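Structural overview
Here is what each chain is made of, one letter per residue.
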Amino acid sequence: NAGVMQNPRHLVRRRGQEARLRCSPMKGHSHVYWYRQLPEEGLKFMVYLQKENIIDESGMPKERFSAEFPKEGPSILRIQQVVRGDSAAYFCASSPQEKRGTQYFGPGTRLLVL
Amino acid sequence: GQQLNQSPQSMFIQEGEDVSMNCTSSSIFNTWLWYKQDPGEGPVLLIALYKAGELTSNGRLTAQFGITRKDSFLNISASIPSDVGIYFCAGKDSGGGADGLTFGKGTHLIIQP
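Residues numbered from 1 in each chain as written. Chains lettered and ligands numbered in written order. Predicted model: local features only at pLDDT ≥ 70, side-chain atom pairs only at ≥ 80, totals over all residues. Heavy atoms only, no water.

Residue and element names in this part refer to chain B. Taken together, five strands build an open sheet; the order of strands is S1-S3-S8-S7-S6 and the sheet is antiparallel. A strand with exactly one partner marks an edge of an open sheet, and here the two such strands are strand S1 (4-7) and strand S6 (55-58). Sheet twist, expressed as the mean angle between neighbouring strand axes with direction ignored, is 15 degrees. Relative to strand S7 (residues 61-65), S6 runs antiparallel, the two sharing four bridges. Bridge pairing links Thr-56 to Ala-63 in S7. (Pairing = 2+ DSSP bridges. Helix = DSSP H or I, 4+ residues; strand = E, 2+ residues; numbered from the N terminus. Axes fitted to C-alpha atoms, helices over the stretch in contact; angles between N-to-C directions.)

Next up, the structure:
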């Protein structure tokens, strides 16, 4: 029973490039959440999605960041025109419908912007 | 916004000792969760708490959801080397707030030989 899957695990980009991070939720989970973690910090909520819908993006930066969870395929977190401050670990979590507060995390994508 | 204060920030203990850490919040949560994160990995769910006053165990781990719904603690009994890592508390808002979890800054557990 596979857990939450994320890829790539590590991503290096130069300033101005685009970063695409992918997340496949646990089987049977229809809720996906994205978080960002800076070194020595806890995780910060970014966005919550269900299939084809963004439910809550209150933690998402207003510019350059976008997220989607299409009907088919993984959820994508997209960062356009990356800057050095975007360097962080990005984690995806999923939860079942009946217990949305219980979130299971993937291994994360470490983004390094040069 | 919501804040979670997690303490202690770090703990240096001997193998076999018991460990206790806690979290307090400035607002009420309806779910408390405890996670462990190893270097280079994602947080792993240890214990989930859903009701005020609830006390739940998972092996050597025990966690409680405070009666006021503003705090939680995690205890680890008879620590072993593989308990080393960073422990995070997280809470889920009880009202119409964000759907994401609010995390503490973590407790670094270091076991001295």
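Attention shifts here to the environment of Ile110(B). Residue and element names in this part refer to chain B. With respect to the element layout, Ile-110 can be found in strand S11 (residues 107-112). The spatial distance from the C-alpha of Ile-110 to the C-alpha of Glu-15 is 9.5 Å, given a sequence separation of 95 residues. Discounting residues that sit within four places of it in the chain, Ile-110 has contacts with Met-11, Phe-12 and Ile-13. (Contact = heavy atoms within 4.5 Å.)

Let us now look at the sheet that holds strand S7 (residues 65-68) of chain A. All names here are of chain A. Spatial strand order, S1-S3-S8-S7: four strands in an open sheet with antiparallel pairing. The open sheet has two edge strands, strand S1 (5-7) and S7, and neither has a second partner. Taking the axes of each pair of neighbouring strands and ignoring which way they run, one obtains an average angle of 15 degrees across the sheet. Looking at chain direction, S1 and strand S3 (residues 19-24) are connected through three bridges and run antiparallel. From the neighbouring strand, Asn-7 faces S3, where its bridge partner is Arg-22.

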